[in-house]
Structure formats: C-alpha cells, structure tokens
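Letter by letter, the chains look like this.
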Amino acid sequence: MADTPEFDVRVADALIAAEIAAARDFYGEDANGATALLPILHALQARFGCVPAEAVPLVAEGLNVSRADVRGVLSFYHDFREAPAARHVLKLCRAEACQARGCERVAAHLASAHGLRPGQTRDELTLENVYCLGNCTLGPAALLDERLLANLDESAVDALILGLKESGS
Amino acid sequence: MSAPRVYVPADAAALSVGADAVAAAIAAAAQARGIEIQLVRTGTRGMLWLEPLVEVDTADGRVGYGPVNPADVASLFDAGFPDAGAHPLGLGRIDALPWMARQQRLSFERVGVIDPLSLVDYRAHGGLAGLQHARDTGADAVLQQIIDSGLRGRGGAGFPAGIKWRTVAQAPGPRKYIVCNADEGDSGTFADRMLIEGDPFALIEGMAIAGLAVGADRGVVYLRSEYPQAIAVLRRALALARADGLLGAHFDIDLRVGAGAYICGEETSLLESLEGRRGQVRAKPPLPAHHGLFGRPTVVNNVLTLTAVPWILRHGGKAYADFGCGRSRGSMPVQLAGNVRHGGLFECAFGITLRELVVDIGGGTASGRPLRAVQVGGPLGAYFPESLLDTPLDYEAMAAAGGLLGHAGIVVFDDSVDMAAQARFAFEFCALESCGKCTPCRIGSTRGAETLAKVSRGIAPEANLKVVEDLCTVMTDASLCALGGLTALPVMSAIRHFREDFGP
C-alpha cells in the first residue's frame, strides 16, 4: 500500500460530490437521502487511508444529513477507520473453516513471536481479524492489503513479516 | 491455425496459491522456446487442491496438469507442452475426473472453462440464450418458467423464487429494483465469489431476466469488501456489458461494495446499507417484495439464485425441476471446506448425502485424523456428528435433522476440535456481528458466551447449560432476524451431540 496523502478539504469535497453525482445519475430521485454515503466513505478511505474526523461535517453537509448520521454509519461498519493503519494491513481469517485448519495457532504465533495482536500495529504492519475471505479450503487464509494468502502456518507468517521488513528498509 | 490455448485460473483461490506466477512462467518459457501460445485466464474448476491447475486443448477435450508450481513449467515444456505430453502432474481429461464427472454443473457449467471477461466466449457457450428466450416470450412466460422450475432462494432461506418474482411483478409502482445479495459472509462458502470471478455475465444475464420478468429497469449488486478480486472482475464485466448494449437505459446494474458487516447479508439490513444507513434489520412485514429498496417493490435474491435463471430459461423450467428431490428442485453448488482432503465446489442435484460429499468426494479430513464434526450452512448452521452423515442434502431433510442447508457450505473438523470452544465462538460471533436492534441477539449472545465460559471452567456446569438452553430458546423465539434466531443451532447441536466436551 502506498503512503497516503494528508487530508485535503478540496480533494475530499470533490470525492464527495463525485459520489453524490454518480448516485443521482443511477438512482434518480431515489438518491435524495444518504444513498451515496457508503461509496463516499470508501472513496475517502481509499484516498486518505482513513475517514478522519474533519471529513465528517463535509460528508454530512454534502448529503444534507446530520453529523450523527455519518458518525453512526462510520462506527457501525468494521471496514472504516478513523485513524490510518500502518503501511500494510494483514487481515487474518478467524472463522470456522480456517479454525478447522489451524488459524488459532497462527494467531497465537503472531502474538507470541511477533508481538502482534488483533487491532495492534508493529513495524509498519497492522493486524486485524476478519471473518471469511472465501478461501475456505486453502486456509488458514489472510488478506495482505488486497492480496489473498493461503495455507498460512508459523513459518509462512515468519517469512511474510521478514519480507515486509526487508522491503520496507 | 491459431496458437494453442493454455488455460490458467485467475480465481482468487488459485491466485492465493500462486497462479499468477505460473502464468508468467508459462508465458516466459513459451517465448524462450519460440512456441506460440494463447494464454487464457479463467475461473477455477473448483478442484482447489489441484490449484494452480493448468489446462490445454487437445483433440479429445481439455487436459489438465496440477498443482503446478513455476518450477514445474520447464519440465512441462520438455514433455511436449502445450501438446498434452505425459508428465507426473498430468491429470488427463478434466471432464473425465471423478470430481467433475459426478457433478451436474448447471449454474457452474462455464466456470473454469471460459475467459470470464469475454462476451464472445460467453455467447459461444450458451450465454444470453436465456435472455433472448425471455425477450421472445415475455414477462408472464418467464414467471411461469421460474415457478415451474421450483427454484428456491439459494442464500439460505429457500423461499420459492417464482413466488417472490410474481409478487414484485404484481406490485404497483413506477420503479422496481432487482437486488443481488452477494454479501457471502458465511464461513465455508465461496460459491458466489467463484461464480462472479468465473462467469460474471451469467449474473448480469440472470438479473436482466429478473428485471424483464418483474418490470424493473435497475439492479444493484451488493458485494462484500472481503472479495477484492470479485469486485474487480464484476466491475470490468459491467463496463463490457454496457459497451455491448447488454446493459443500458432498459436495464442497468450498480455495483455497491459492503463494508465488513456480516449482518448486511440479511436482506433488510442490506437494503438499509444501500440506503446509506447502519445495517440494522427491518421488522417484516412489509416484505421487500412490496416495500424494499427506497420503499419500492424489490426482488432480493442471492447470486446463485439469479445465476440459475439463464439455464432455466434456456432449457425450460421443467428440465431444471427434473433434478433434485422432494421440494428441493434443481442443483445446489455445494462447497466442501475446512479440514477436508479434496475441497472445493461440487454442484449436484439435491438428495446427495453428507457422507457421500465429505467422505467419497471430499476424501475425509486433510489432516488424516478421524472426522469428528461437520458444520453445514455457515456460522448459523448446526454441527453434525459422524452418526448423522447419512442425512441427505435438501432443505427439508436438513431441517428435520436439526440443522439447515443455508448456502450449502460444509466445514469439516477432525478430532482435535473442541466443540465447547466452537459453541462459544458461535455466541461470540453473534455478539460481534449483532446489529444491536433487538435485545435477545444483542444481550443474549454476550451472556451466552459468558455462561459457556463458566461451564468450561467447571462452574455449575449442569445449571449453566440449562441457562444456555433457556437463553437459546429466547433468542430463537424473540430475535428479529436469523442472526440471533439461528445462533442456537450451532450452540445447541454442539451441546446435544458432543456433550462430553462441555465441562472443565
């Protein structure tokens, strides 16, 4: 994942306006409410690495909804973050099919050998839990940024983290 | 004569075990040896233990090699590749492999076969014949075919699709919607993802037929954010379909990406999310068929329901209904997952037993240890012990055995599993993903996890298991939707069938 730019009001406003226009274009009068809200939040996060607090009033004003409405949506969905993650994000699947293939061992190893627990960041890597990536026969699975990984075990995780450290330095 | 075609999957599961590197190695080796080939990226055949699976055309049909590592590519060419030479990784004709030969691939007939982003390939393999038939015969005839097919909602609830469509068709209003639920959040399921990545035009065609049948000119696909590859493929397929005129003012589709909330797989919560709100479930009635997206009459169907439609229109509702058993007609794409030796996608008529699927077809556990439990239907599905494996796969039989078919994901566990931990996880998952609207789900899930933790610590196990059972009854009877309402299934089935695991 590339370094994300500082928050910029004009850029944010342009992203918001573009998503509202796209929703109006497709849904017509049905788009009068907050229809564009999720696409807006995705666009802001893709651009700035998170949806910072400064963006909330801009989104609310653009959609003509309350700030509370925006904050409520922002906090409901697991994907959205209000502060940027590290350069890389590893989402480890903890759901049943990966449990049956040993994901709990991988999670324990990440904690004991690398000091990484879900929600924590270390050495430019943020670890998060995710529940199903659709790779249920080749687990334990994880998503490293947008790359799907398979058959993770202790040594695969060690190699992965070493690789990230080397590429970062 | 054109260069021979070499097929390498670009499905997310195949990519996760290195399919891109294999494709690159094949292209480089062909160039270095001065051999002309045409490299085609496909979906996956669903034999995921063989990925990356490389195929070539021969006079006898497609022949495969797998699993191929980049390091194997040189020896493949030494053996005469892309002519189908003998090689230790050679599998022979793909269609003749038992895994493929035993299936009835209706919805997945093109997945793994064609270039998913080629409308030429799609048409050459029967694509758009269903839509053409629908246009020729009109909305009433389409509704009748869907009713005759006996197609039921493949997302899990199993509601007859034809009845739902007819309700929307008869509802008054200037605007109606077709909403495709592609929020495939159940662990152990990946059929929606495979289909979208392997044959996206089938979904587009199915939605266009649904639009024609009910009088809707707008469709929406709600696709989960955990599937970046499927998002990319569908986005490109929609652009190609628009350029081709398949989509346009008469019927168009918006792709909306979810944001990591499992509950948005519940249809009313999904509609809330599309409208830009927290994904909290709506009380029913009113049904989405009457009062759905933006209050308009709306068909909400799963990916697999909609992609069964082109086949039904092409071959007739009766031909589809000829597959299956009882009130479960047609075929079901079963997903074999977890600790299973041969996992993947297996589409077959209803009526096959769990044992045939897990033992005969799946080959038992991947670890080689004894099988202890299978969970059918995702995190809200029951755990079955070995003794119940002769249950046939159909909606009614699964319910009679105390479970549900759901989205037909089967997760296999070996004897190292701690069933008390699995039961506790079911409560914890419900607590994590509860939308918070109703009390039994929001509070019950947390209290349930705490109470099972007490059981595991040996604190009044009998009394506390009774509390769990009471709690499950309340959650089942009083929750607003299936999340709270079905969490009792994994919990109580684990307690019932694996009582020995519940204690200190």
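For the structure given in this document, a descriptive report is provided here. Bear in mind that the values here come from a model prediction, so they are computed numbers and not experimental data.

Calculation rules
- Per-chain numbering applies: the sequence of each chain, read as written, is numbered from 1 onward.
- Each chain is given a letter, starting from A, and each ligand a number, starting from 1, according to the order in which they appear as written.
- Per-residue local features are limited, in this predicted model, to residues with pLDDT of at least 70; the limit for side-chain atom pairs, both in listing and counting, is 80 or more; totals at the level of whole chains, interfaces and linings are taken over all residues.
- Processing note: side-chain calculations cover all non-hydrogen atoms of the structure and skip hydrogens and water entirely.
- A pair of strands is treated as paired once DSSP finds two or more bridges between them.
- Numbering of helices and strands runs from the N terminus; a helix is a DSSP stretch of H or I covering at least four residues, while a strand is a stretch of E covering at least two.
- By definition in these notes, contact holds between two residues if any of their heavy atoms fall within 4.5 Å.
- Comment: axis = line fitted to C-alpha atoms, over the contacting stretch for helices; angle = value between 0 and 180 degrees taken between N-to-C directions.
- The classification of residues rests on relative accessible area computed with a 1.4 Å probe and restricted to protein chains. Under 20% of the type maximum is buried, over 50% is exposed, and intermediate values are partly exposed.
- In protein, a polar contact means a hydrogen-donor-capable atom and an acceptor-capable atom, both N or O and within 3.5 Å, with residues adjacent in sequence counting only if both atoms are side-chain atoms; elsewhere, any N or O pair within 3.5 Å suffices.
- Two parts placed together each lose some accessible area; with a 1.4 Å probe, that loss summed over both constitutes the buried area.
- Any carboxyl oxygen of Asp or Glu that lies within 4 Å of a side-chain nitrogen of Lys or Arg is treated as forming a salt bridge with it.
- For this classification, the nonpolar set comprises Ala, Val, Leu, Ile, Met, Phe, Trp, Tyr, Cys and Pro, the charged set comprises Asp, Glu, Lys and Arg, and every other residue, Gly included, is treated as polar.

With respect to the sheet that holds strand β2 (residues 121–122) of chain A
Residue and element names in this part refer to chain A. With mixed pairing, five strands are arranged side by side in an open sheet as β2-β3-β1-β4-β5. Edge positions in the open sheet fall to β2 and β5 (147–149), since each of these has one partner strand only. Sheet topology note: the strand β4 (residues 142–144)/β5 ladder contains three bridges and is antiparallel. Residue pairing in the sheet places L143 in a bridge with L148 of β5. Packing against the sheet, helix α6 (residues 103–114) makes contact with β1 (88–93), β2 and β3 (125–130), and its axis sits at approximately 140 degrees to β1.

Structural notes on the environment of T451(B)
Residue and element names in this part refer to chain B. Within the fold, T451 resides in helix α18 (residues 439–456). Relative accessible area serves as the criterion here: at 8%, T451 is assigned to the buried category. A C-alpha to C-alpha distance of 49 Å links T451 and W311, two positions 140 residues apart in sequence. Ignoring anything within four residues of it in the chain, the contact list for T451 reads N464, V467 and V468. Of note is the side chain of T451, whose polar atom sits 2.6 Å from the backbone oxygen of R447.

What about the interface of chain A and chain B?
Many authors give the size of an interface as the accessible area that is lost as the parts come together. Listed as interface residues are 41 residues of chain A and, on the opposing side, 65 residues of chain B. Buried surface at the junction of chain A and chain B, both sides included, amounts to about 3900 Å², of which 58% is carbon and sulfur. R296(B) serves as the salt-bridge partner of E29(A), at 3.9 Å between the closest nitrogen and oxygen. Scanning the region where chain A abuts chain B turns up 27 residue pairs in polar contact (both at pLDDT 80 or more). Breaking the side of chain A that touches chain B down by element, the ones donating at least two residues are α1 (9–27), α2 (37–48), α4 (67–76), α5 (96–99) and β5 of chain A. Across the side of chain A that touches chain B, the residue classes break down as 23 nonpolar, eleven polar and seven charged.

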